[in-house]
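Remarks on the overall topology
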Amino acid sequence: MTRILLLGGTTEASALAKTLAEAGMDAVFSYAGRTARPVNQPLPTRVGGFGGAEGLAEFLRAEGITHVVDATHPFAAQMSINAVYACDAADVPLCAFERPTWQEGDGDQWVHVGTIAEAVNVLPEAAARVFLAIGKQNLPLFAAKPQHHYLLRLVDAPEAPLPLPHTAVEIARGPFDVAGDTALMQRHGITHVVAKNAGGAGAAAKLAAARRLGLPVIMIGRPQVPDRPIKGSVAEVMEWLAHPSAA
Ligand code: 3Y8
Ligand code: NAP
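Quick look at the structure, then.

What counts as what
Residues numbered from 1 in each chain as written. Chains lettered and ligands numbered in written order. Predicted model: local features only at pLDDT ≥ 70, side-chain atom pairs only at ≥ 80, totals over all residues. Heavy atoms only, no water. Near = heavy atom within 4 Å. Polar contact = N/O pair within 3.5 Å; in protein donor to acceptor, adjacent residues only side chain to side chain. Areas by Shrake-Rupley, 256 points an atom, 1.4 Å probe, with all protein chains shown as cover. Helix = DSSP H or I, 4+ residues; strand = E, 2+ residues; numbered from the N terminus. Phe/Tyr/Trp six-rings, centres within 6.5 Å; stacked < 30°, edge-to-face > 60°. Buried < 20%, exposed > 50% of the residue type's maximum accessible area, 1.4 Å probe, protein only. Lys NZ or Arg CZ within 6 Å of the ring centre and 35° of its normal. Arc of directions from axis to C-beta. Contact = heavy atoms within 4.5 Å.

Overview of the site of ligand 2
Looking at ligand 2, there are 22 residues lining it, with Gly8, Ser30, Phe50, Ala76 and Lys196 nearest. Contact between ligand 2 and Gly51: an oxygen atom at 2.9 Å from a main-chain N or O atom of the residue. Here ligand 2, which alone exposes 810 Å², has 80% of that area covered by the protein. At the level of elements, β2 (27–31) and α3 (77–90) are the ones that each hand at least two residues to the shell around ligand 2.

Shown next as structure tokens:
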């Protein structure tokens, strides 16, 4: 009997959850619990970590999970690493549901970096106005360059004081649109954009806005995760669920 664990937290995961629910399939949606009020899903939902790869393997056995779909964000590397090890340990088929990386196009001025720390290094020394659209988990690194004015877009209002002296905070969940991001960046006189190469449509608006405004984008490449079968659409995942051995 098929019972699916869907590791969520992205637009793709929400789309797959809808299809699984409409198909009446037995599935559990999982959030990490990073945000105060995550979007409701049409599936039974659990929130919070599993307790590392071992905890996840134990969850798979205890819940009789027969398939795992990792539809987490490409920068949720630890979750993806844990899923590979846990599914191997519990002998449960795993696939990733992942969107392709964004590609630089005509008119784009991207500076490619490999890590968030490198993104800090390539920011200028002279005071700039930087749109940090990377959430709140990685802000402390930017305290190395306090001279800049940072526009922060966060899902929830910060509880603790921010680690940066000059900030403006925009509370928004996305998905975002080009007109909105263009107006936001003009309103704040942005000179640089920092983005993770998340891919997908939910966060792409700021790239089109930067192109329109002729602004440089510091583009952070994706972290490495171990190999596992990767599907690029809901239909491919549904096909895999029917024939998981055909990786
Ligand atoms: C908790 C679930 C859906 C999913 C929507 C997508 C689109 C909007 C774009 C910008 C970039 C950022 C951030 C972002 C996007 C979608 C998608 C996506 C980027 C929610 C969600 C959870 C999270 C966690 C949150 C992180 C943060 C990252 C904000 C829900 C809304 C910047 C990633 O405050 C925090 O601690 C936020 C933490 C991880 C990255 C970070 O390091 O801070 N996402 N985002 C999930 C969980 O608990 O398991 O609250 O409803 C989901 C979405 N975020 O159903 O339509 O699919 O990409 N999320 C990045 O790409 O850089 C915003 O502002 O332009
Ligand atoms: P991460 O660094 O890869 O994971 C850290 C720990 O959080 C994991 O080891 C696991 O805890 C727990 N975790 C992560 N995703 C989970 C999930 N879907 N269900 C249950 N536990 C989960 O993850 P992250 O980058 O903080 O991302 C957290 C969530 O936000 C994910 O759902 C991701 O899809 C979503 N998100 C992240 C980003 C981003 O930029 N990172 C962007 C958009 C959405 P245990 O080890 O205890 O099991």
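Notes on the packing of aromatic side chains
Tallying each qualifying case throughout the model produces three aromatic pairs. Taking 5.9 Å as the distance between ring centres and 70 degrees as the angle between the ring planes, the aromatic pair formed by Phe142 and Tyr150 counts as edge-to-face. Phe142 gets classed as buried once you look at its relative accessible area, which sits at 0%. Of the residues examined, Tyr150 reaches a relative accessible area of 0% and is grouped as buried. Sitting above the plane of the Phe50 ring, Arg46 keeps its charged end 3.8 Å from the centroid. Sitting over the face of the ring of Phe176, Arg153 holds its NZ or CZ atom 3.5 Å from the ring centroid.

Points about helix α7 (residues 234–242)
Along α7, the residues classified as buried are Val234, Val237, Trp240 and Leu241. Along α7, the residues classed as buried sweep out an arc of 120 degrees about the axis, all on the same side. Away from the buried face of α7 by more than 90 degrees, exposed residues Ala235 and Ala242 are located. Here the buried face of α7 lies against β1 (4–7), α1 (11–22), β4 (67–70), β5 (94–97) and β12 (230–231).

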